[in-house]
Structures are given as C-alpha cells and as structure tokens.
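Observations on the model geometry
Listed below, chain by chain, are the residues.
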Amino acid sequence: MNLVTYASPVAIKPRMYAIGLYLGTLSHENFRHHKRGVLQVLQQQHVPLFQLLGKTSARDTDKLAAIEAAGFRFRERLGLATLEDAACVMELEAASDFVPCGDHEVVLCRVTRFEDLAEGPDGVLYTDTLRKAGLM
C-alpha cells in the first residue's frame, strides 16, 4: 500500500484515470509488471497514515502491520487487502504505454471494477487537507 499523489479521472465512458507512478517505488514496479492495481480513495481519518504510505517503502517496512498498529482494519476487495473504511476502491488496468514525466511515469488506466463505499463527499481526503496540515 502506497500513496499515489497524482490520480485524475479523464473519461466517464469508458471510466478512465491517469495515474502518476513515482520511479523506484514498489507501486511503480508492481504496476509496470502486472499492468493492474487497486486505487483506494482515502478519507479524512487516514491523515495519520500519510507518512507511512507516502514516505516509507514496503521494502523496509511491513506496512500492513504498521497500519493495523495504528488502529486501522483491512478488508479484502478486488483480490487485495484494502482499508476497511476507504471511500472508494477501484481496480485499474493499464490502457496505454508508460509515459516518462521526470521523476514519475504516467499511464492511462481503465477502471475495470469499483466499489463506492463513502456515505458522502465530506469524508474524502484531498491534498488541500494535507497541505494545510503541513504534510505536503
């Protein structure tokens, strides 16, 4: 589980996202290898996970154990462990080549399955919240 800072919807039919994958991360390596991944939309209560998800590597840290130690629970969705209280979970499948963009690669992805789990938009975690908290 890692943060993907750059994820933007780009089409409704078919449902498509553009994601930026930071070079050298396991997220990048895994997505490049499998050509699929699960994107979770975080909620406000996930702010304490920002450093763990975005500033540490699963090469050095058992992220699932650390997330559980922080009081969060998991549920298997789309074949992977996901945060039980994620706002939304989407299975993404690469639909384009990986485009070099400095320290990231960008890839267009088709949303093949999704579960909308939030009860409303108030709880969704936006980057503005992280900026105001001094985390970005």
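Going by the structure above, here's the rest.
Fair warning: this is a prediction, and the values are worked out from it, not measured in the lab. (Residues numbered from 1 in each chain as written. Predicted model: local features only at pLDDT ≥ 70, side-chain atom pairs only at ≥ 80, totals over all residues. Heavy atoms only, no water.)

1. Some thoughts on the environment of I67
What counts is decided by this rule: Helix numbering and strand numbering both begin at the N terminus, where a helix is a DSSP run of H or I of at least 4 residues and a strand a DSSP run of E of at least 2. Here the term buried applies to any residue with accessible area under 20% of the maximum for its type, exposed to any over 50%, and partly exposed to those in between, with areas from a 1.4 Å probe on protein chains only. Contacts were defined at the residue level, with two residues in contact if any of their heavy atoms lie within 4.5 Å.
Within the secondary structure, I67 is located in helix α3 (residues 63-69). Exposure remark for I67: the relative accessible area of 0% places this residue in the buried category. Not counting residues up to four positions away in its chain, the partners in contact with I67 are M1, L49, L52, L53, F72, F74 and L83.

2. Comments concerning the state of the cysteines
This is how the line gets drawn: For this text, the term disulfide refers to a pair of cysteine sulfurs within 2.5 Å.
Taken as a whole and assessed by the stated rule, the structure comprises zero disulfides. Here C109 stays unpaired: no disulfide links it, and the sulfur of C101, its closest cysteine neighbor, is 13 Å away. You can call C109 buried: its relative accessible area is 0%.

3. Thoughts on the environment of R75
Mapped onto the elements of the fold, R75 is located in strand β4 (residues 74-77). Assessed through its relative accessible area of 42%, R75 is described here as partly exposed. Excluding residues within four positions of it along the chain, R75 makes contact with L80, A81, T82, E84 and E115.

4. As for unusual backbone geometry
A cis amide bond, omega -5 degrees, links K13 with the succeeding residue P14. Note on placement: P14 falls in the loop between β1 (6-11) and β2 (16-22). A positive phi is found at K35, a non-glycine position, where the angle reads about 60 degrees. Mapped onto the secondary structure, K35 falls in the loop between α1 (26-34) and β3 (36-41). Take K35: its relative accessible area is 39%, and that puts it in the partly exposed class. Positive phi values are uncommon outside glycine, yet L78 reaches one of about 55 degrees. Relative to the assigned elements, L78 resides in the loop between β4 and β5 (80-83). Overall, the relative accessible area of 13% leaves L78 in the buried class.

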